[in-house]
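# Summary of structural features
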Amino acid sequence: MKKHLSTLLLAGAMAMTSLAHGAASLSVTAPWVRATVPAQKSTGAFMHVQSAVPARLVGVSSPIAATVELHQMKMSGTTMKMARVEGIDLPAGKGVNLASGGYHIMLMGLTRQLQEGEAIDLTLRVQSKGKKIENITVKVPVKPMTFVSPGQAGHMGH
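Summary of the structure given here. Bear in mind the structure is a predicted one, so any value in this text is a computation, not a measurement. (Residues numbered from 1 in each chain as written. Predicted model: local features only at pLDDT ≥ 70, side-chain atom pairs only at ≥ 80, totals over all residues. Heavy atoms only, no water.)

Scanning all chains against the criterion turns up five salt bridges. Where R84 meets E86, a salt bridge forms, and the shortest distance between an N and an O atom there is 2.9 Å. Across the pair E118 and R112 runs a salt bridge, and its minimum N-O distance is 3.0 Å. One salt-bridge network, in which partners are shared between bridges, spans E69, R84 and E86. (Salt bridge = Lys/Arg side-chain N within 4 Å of Asp/Glu carboxyl O.)

Shown next as structure tokens:
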């Protein structure tokens, strides 16, 4: 019973992370990363991000990946295409979903397999007024390969 309670408390703590740094305030909710098979070298990370002030997500890094990029999936005619983006605007007070089928984070050149139940660090690089860049580290739980975020049930992951 104690193990289940501590697991539940840890999951709750990781489900919502609010961070305040200087004048900027960033809220990250429901972060998760997709588990991988042993030889897999890339995966996606997803979350809901909201800034109290106008800001821009300009990069992400993680110790478990050689390269971490911001990506966007969108339709081009009848084909869905994924491409790297330089940044994602975070309008003041308006949440932005990083989810399958839209903006998301790609972790490439993984140093190891990511297994369900563990958590990894992602450092978000957020640029606010005056071009000031802040690094905000978030603990992100690894979900099963078949996991679909409740708000994204209609989208396919990659």
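A separate point is the environment of V140. Note on placement: V140 falls in strand β11 (residues 133–143). For V140, a relative accessible area of 0% gives the class buried. Separated by 18 residues in the primary sequence, V140 and L122 place their C-alpha atoms 6.9 Å from one another. Excluding residues within four positions of it along the chain, V140 makes contact with P31, W32, V33, E118, A119, I120 and L122. (Helix = DSSP H or I, 4+ residues; strand = E, 2+ residues; numbered from the N terminus. Buried < 20%, exposed > 50% of the residue type's maximum accessible area, 1.4 Å probe, protein only. Contact = heavy atoms within 4.5 Å.)

In this section: the packing of aromatic side chains. In this structure the tally under the stated criterion is two aromatic pairs. For the pair W32 and F147, a centre-to-centre distance of 4.7 Å together with 75 degrees between the ring planes defines the contact as edge-to-face. Of this pair, W32 sits in strand β2 (residues 24–34) while F147 sits in the segment after β11; the two residues are 115 residues apart in sequence, bridging distant segments of the chain. Relative accessible area serves as the criterion here: at 24%, F147 is assigned to the partly exposed category. One aromatic cluster is present, formed by W32, F46 and F147 through successive ring pairs. Note that K143 overlies the ring of F147, its terminal NZ or CZ placed 5.2 Å from the centroid. (Phe/Tyr/Trp six-rings, centres within 6.5 Å; stacked < 30°, edge-to-face > 60°. Lys NZ or Arg CZ within 6 Å of the ring centre and 35° of its normal.)

In this sheet, β11 lies alongside strand β10 (residues 119–128) in antiparallel orientation, the contact comprising nine bridges. Following the sheet pairing, L124 is matched in β11 by I136. (Pairing = 2+ DSSP bridges.)

A few words now on the environment of V49. Turning to its location among the elements, V49 is positioned in strand β3 (residues 42–51). The exposure class of V49 is buried, given its relative accessible area of 1%. Taking the C-alpha atoms as reference points, V49 and L90, 41 residues apart in sequence, are found 7.8 Å from one another. Those residues in contact with V49 that sit more than four places away from it in its chain are L26, S27, L90, K94, G95, V96 and L98.

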